[in-house]
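Inside the fold
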Amino acid sequence: MTRMRAACLLLSLATALPGAVPAAAAEPSSRLDYSETACHNRAILGFITSDFGYRARHYLKADIAIAEIRDMGLNRLELRDETHPVEREYCFATAVTTDGERRALWYLIERGWGFAGIGSNIEFCLSGLDPWYVYGAQCASLR
């Protein structure tokens, strides 16, 4: 307990004195490195490939699967803050399907989702393979 009190005392003294806080300490500690985004994560791409296969068989009633995902990139990033409790990465890629077509793949990775903000969610859409427009025309809501 005494360590906690000492830390609180030092923090209150540091904030009371202008210029006493070093620049590195003023930076939020929750800042993440986005040099490699989750858009390139093999586990996420594997989930998309697997889940699309299931959806194609059971909902589209089509014998089609994703053969390859390439040219992945980050389209938009919404960091978590006071007004946005869920962090969102909007990604794009090109999916080559087993019928030989290249289709635009749009996917969303959400973190801080679920019970008590623990967990994540992945939504995805292949342009031209959303007959019910769940994600809007040409996957507009995931762009």
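Every value quoted in this text rests on a predicted model; they were computed, and no experiment measured them.

**So, the sheet that holds strand E2 (residues 87-97)**
- Spatially, the four strands line up as an open sheet ordered E1-E2-E3-E4, and their pairing is antiparallel. At either end of the open sheet lies a strand with only one pairing partner, and these are strand E1 (66-78) and strand E4 (120-126). Within the sheet, the average angular offset between the axes of one strand and its neighbour, ignoring direction, is 20°.
- Looking at chain direction, E1 and E2 are connected through nine bridges and run antiparallel. Looking at the pairing, Ile 69 lines up with Ala 95 of E2.
- Strand contacts of helix H3 (residues 42-60): E1, strand E3 (102-111) and E4, with the helix running at about 60° to E4, the strand carrying the most contacts.

**Points about the pairing of E2**
- The buried count for E2 comes to nine of eleven residues, which makes it a mostly enclosed element.
- The pairing of E2 with E3 spans ten bridges and is antiparallel. Its bridge partner lying in E3, Glu 89 is registered against Ile 109.
- What sits between the antiparallel neighbours E2 and E3 is a turn of four residues, in which Gly 100 has the positive phi angle 90°.

**Re the environment of Ile 64**
- In this structure, Ile 64 sits in the loop between H3 and E1.
- C-alpha of Ile 64 to C-alpha of Thr 97: the two residues are 33 residues apart in sequence and 6.7 Å apart in space.

**Regarding the layout of surface pockets**
- In this model, the largest pocket occupies a volume close to 240 Å³.
- Every residue lining the largest pocket is counted, 13 residues in all, and those nearest its centre are Arg 55, Phe 124, Leu 129, Asp 130 and Tyr 135.
- Only H3 and E4 provide two or more residues apiece to the lining of the largest pocket.

**Section: the state of the cysteines**
- Applying the stated criterion to the full structure yields two disulfides.
- Two residues, Cys 39 and Cys 91, share a disulfide whose sulfurs are 1.9 Å apart. Linking Cys 39 and Cys 91, the disulfide has an S-S dihedral of approximately -70° and is accordingly described as left-handed. Of the two residues, Cys 39 sits in the loop between helix H2 (23-26) and H3 while Cys 91 sits in strand E2, which places them 52 residues apart along the sequence. Grouping residues by exposure puts Cys 39 and Cys 91 together as buried.
- Sulfur-sulfur distance for the disulfide between Cys 125 and Cys 139 comes to 2.0 Å. The sign of the -65° torsion about the S-S bond sets the Cys 125-Cys 139 disulfide as left-handed. One end of the pair, Cys 125, is in strand E4; the other, Cys 139, is in the segment after E4, and 14 residues separate them in sequence. With respect to burial, Cys 125 and Cys 139 carry one shared label: buried.

Rules behind the numbers
Residues numbered from 1 in each chain as written. Predicted model: local features only at pLDDT ≥ 70, side-chain atom pairs only at ≥ 80, totals over all residues. Heavy atoms only, no water. Pairing = 2+ DSSP bridges. Helix = DSSP H or I, 4+ residues; strand = E, 2+ residues; numbered from the N terminus. Axes fitted to C-alpha atoms, helices over the stretch in contact; angles between N-to-C directions. Contact = heavy atoms within 4.5 Å. Buried < 20%, exposed > 50% of the residue type's maximum accessible area, 1.4 Å probe, protein only. 1 Å grid on protein atoms, 1.4 Å probe; cavity = no way out; pocket = protein on both sides within 12 Å on 5 of 7 lines; lining within 4 Å. Points joined across faces, edges and corners; volume = space filled by probe spheres on them. Disulfide = S-S within 2.5 Å.

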